[in-house]
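# A look at the structure
Read off the chains here:
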Amino acid sequence: MSPTSRFDIQLAEPRLPTADRTAKMQNLSFGKVLSEHMVVVPYREGEGWLKGQLRPFGPLSISPAANVLHYGQAIFEGFKAYRQSDGGIKSFRPRANGRRFNESAARLAMPEVPLDIFVEGADLLCQTDHEWVPGTLDSERLHDESYYFRPFMIGLGDFLGVRAAEEYLFLIIGGPAGSYFQGGIKPVTIWVEEEFVRAAPGGTGRAKCAGNYAASLLPGKLAKQRGCDQALYLDSTHHRYLEELGGMNVFLVLQEGTRTVIATPEKTGTILEGVTRDSLIIVARDLGFDVEERRISIDEVEQAHRTGALKEAFACGTAAVISPIGSLMSRRGTWTINENKVGEVSMRLRAALLDIQYGLTPDTRNWMHSIL
Ligand SMILES: *Cc1c(COP(=O)(O)O)cnc(C)c1O
């Protein structure tokens, strides 16, 4: 099937004047500016996925009894497209996000979206709104601009009984994203959360569902009241092993004798398996680092901080790529990492991944997907 037979196209009329678009694309931050179109694909049980639409970005009309408003059938994804040095546009591993989207869908008893709809829908949106794809990547790899896709699915229906919806909408919106860090990269301060948990075995921690985020807002807010940027969650059984932040995976850089080891919590079924996490593991190994996916206890972190073995720590995800962690705070005290400075290994990995994404380094793993 060609994209045009999969989607009806209705363009925004009139388009936003160039001067207005240019103004909106100044000083970009994350998630504040959305481009002019969106993709909407309806699903009905018994009929499957119906013909989708590319249409002007705008409000949806749904029943007040829709499942998503009461029982929270809502999942989402996030990935980016990057302006290449030749002016073209490529997205990063969109199929990996599509596969994860379907794993999230399965966990929430929602229908899977065929990968072609997922990828072609994003391509069509970005092709239509290509003028909204910014281009900057500075030489230090600190300031990176891209186009962020936000695919999501919601359960509809018109019935208050508790059960999976029979109707759904799959949508993709997106917009230009600037550096996650305004005014340069600043290491974040993280609260080690020993009370609230993000996910439990058998729960939805591995699914990118809206409810996980709703549940992380209070601990996030409390962390901010303590002067921290975000919370780091521990496992729900022992309250001891590192899991991840509310929306980012976590890595440590450890010095073990002469070896520099990059360690990250193993996939336990309760962490969200980040595409950035996976990509950084591969990139780090390509750069010759030892990477370990294993259990990391907070006691180990405390000890590594005490002995000086804890050289760097960082969080990672599509939005921020790599966000250095400058200190960890908890009831046990404050552990400053790398003098609260941006670490060398963190920045090397960040630059290596960005260089692949912007086409400055050969794409040996076939991660890049051509859009335009
Ligand atoms: C999306 C997300 C991540 C990061 O995933 P990426 O694919 O790297 O963007 C990490 N943790 C949580 C909880 C997430 O929702």
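Now for a description of the structure that goes with this document. The model shown is predicted, which means the values in this text are computed figures rather than measured ones.

### Overview of the environment of Leu287
Residue position: Leu287 is located in the loop between helix H7 (275-286) and strand E15 (290-294). Judged by its relative accessible area of 34%, Leu287 is partly exposed. Once the C-alpha coordinates of Leu287 and His143 are considered, the two residues, 144 residues apart in sequence, prove to be 22 Å apart. In this structure Leu287 touches Arg348, Leu349 and Ala352, once residues within four positions along its chain are discounted.

### Remarks on unusual backbone geometry
Excluding glycine, a negative phi dihedral is what most residues carry, and trans is how most peptide bonds are arranged. Of note, the amide linkage connecting Glu13 to Pro14 takes the cis form, showing an omega dihedral of -5°. One non-glycine residue, His239, lies in positive phi territory at about 50°. By the secondary structure assignment, His239 is in the loop between strand E11 (230-234) and strand E12 (242-245). The class for His239 is partly exposed, based on a relative accessible area of 31%. Phi is positive for Val321, which is not a glycine, with a value near 60°. With relative accessibility at 4%, the residue Val321 sits in the buried group.

### Quick look at helix H9 (residues 344-357)
End to end, H9 covers 20 Å across 14 residues, agreeing with the expected 20 Å (1.5 Å per residue, within 8%). Counting buried positions along H9 gives 12 out of 14 residues, so the element sits mostly inside the fold. Of all the residues in H9, the buried ones are Val345, Ser346, Met347, Leu349, Arg350, Ala351, Ala352, Leu353, Leu354, Asp355, Ile356 and Gln357. Downstream of H9 by a residue or two, Gly359 has a phi angle that is positive, lying close to 75°.

### Some words on H7
Compared with the 16 Å implied by 1.5 Å per residue over 12 residues, the 17 Å span of H7 between its first and last C-alpha is a close match. Listed as buried for H7 are Val275, Thr276, Arg277, Ser279, Leu280, Ile281, Val283 and Ala284. Where H7 terminates, the next one or two residues include Gly288, which has phi positive at roughly 95°.

### A word on the packing of helix H4 (residues 94-107) against helix H5 (residues 115-128)
Packing of H4 against H5 leaves a shortest axis separation of 9 Å and a crossing angle of 130°. With respect to H5, the element H4 is oriented oblique. Taken as a pair, H4 and H5 cross one another with a handedness that is right-handed. In contact with Pro94, Arg95, Asn97, Gly98, Arg99, Phe101 and Asn102 of H4, H5 contributes Leu115, Asp116, Phe118 and Val119.

### Comments concerning the packing of aromatic side chains
For the structure on display, the rule yields 14 aromatic pairs. Ring centres of Phe79 and Phe118 lie 5.8 Å apart, and the angle between their planes is 25°; on these two criteria the pair is classed as stacked. With a gap of 39 residues between them, Phe79 in strand E6 (residues 79-83) and Phe118 in helix H5 connect regions that are remote in the sequence. Residue Phe79 is classed as buried on the basis of its relative accessible area, which comes to 2%. A connected cluster of aromatic rings, assembled from ring pairs, spans Tyr43, Trp49, Phe79, Phe101, Phe118, Tyr147, Phe149, Tyr168 and Phe170. The positively charged end of Arg226 is found above the aromatic ring belonging to Trp191, 4.1 Å away from the centroid.

### Side note on the side chain of Lys80
On the secondary structure map, Lys80 appears in strand E6. Buried Lys80, no salt bridge; nearest opposite-charge side chain is Asp144, N-O distance 4.3 Å. From its side chain, Lys80 meets the backbone oxygen of Ala319 in a polar contact 3.0 Å long.

### Description of the environment of His70
Relative to the helices and strands, His70 resides in helix H3 (residues 67-70). The exposure class assigned to His70 is partly exposed, which follows from its relative accessible area of 40%. Separated by 91 residues in sequence, His70 and Gly161 place their C-alpha atoms 10.0 Å apart. Residue contacts for His70: discarding those within four places in its chain leaves Pro64, Ala65 and Leu160.

### With respect to the site of the ligand
Taken together, the neighbourhood of the ligand is formed by 15 residues, with Lys208, Tyr213, Glu244, Thr276 and Thr318 sitting nearest. Arg100 places a polar side-chain atom, nitrogen or oxygen, 2.8 Å from an oxygen atom of the ligand. A distance of 2.6 Å separates an oxygen atom of the ligand from a polar side-chain atom of Thr276. Protein chains shield 97% of the accessible area of the ligand, which is 380 Å² for the free molecule. Tallied by class, the residues present in the shell around the ligand amount to 4 nonpolar, 7 polar and 4 charged.

Analysis parameters
Residues numbered from 1 in each chain as written. Predicted model: local features only at pLDDT ≥ 70, side-chain atom pairs only at ≥ 80, totals over all residues. Heavy atoms only, no water. Helix = DSSP H or I, 4+ residues; strand = E, 2+ residues; numbered from the N terminus. Buried < 20%, exposed > 50% of the residue type's maximum accessible area, 1.4 Å probe, protein only. Contact = heavy atoms within 4.5 Å. Expected span 1.5 Å × (residues − 1). Axes fitted to C-alpha atoms, helices over the stretch in contact; angles between N-to-C directions. Parallel < 35°, antiparallel > 145°, perpendicular 65-115°, else oblique. Left-handed = near helix turned anticlockwise from the far one by under 90°. Phe/Tyr/Trp six-rings, centres within 6.5 Å; stacked < 30°, edge-to-face > 60°. Lys NZ or Arg CZ within 6 Å of the ring centre and 35° of its normal. Lys, Arg positive; Asp, Glu negative; His and termini not counted. Salt bridge = Lys/Arg side-chain N within 4 Å of Asp/Glu carboxyl O. Polar contact = N/O pair within 3.5 Å; in protein donor to acceptor, adjacent residues only side chain to side chain. Near = heavy atom within 4 Å. Areas by Shrake-Rupley, 256 points an atom, 1.4 Å probe, with all protein chains shown as cover. Nonpolar A, V, L, I, M, F, W, Y, C, P; charged D, E, K, R; others polar.

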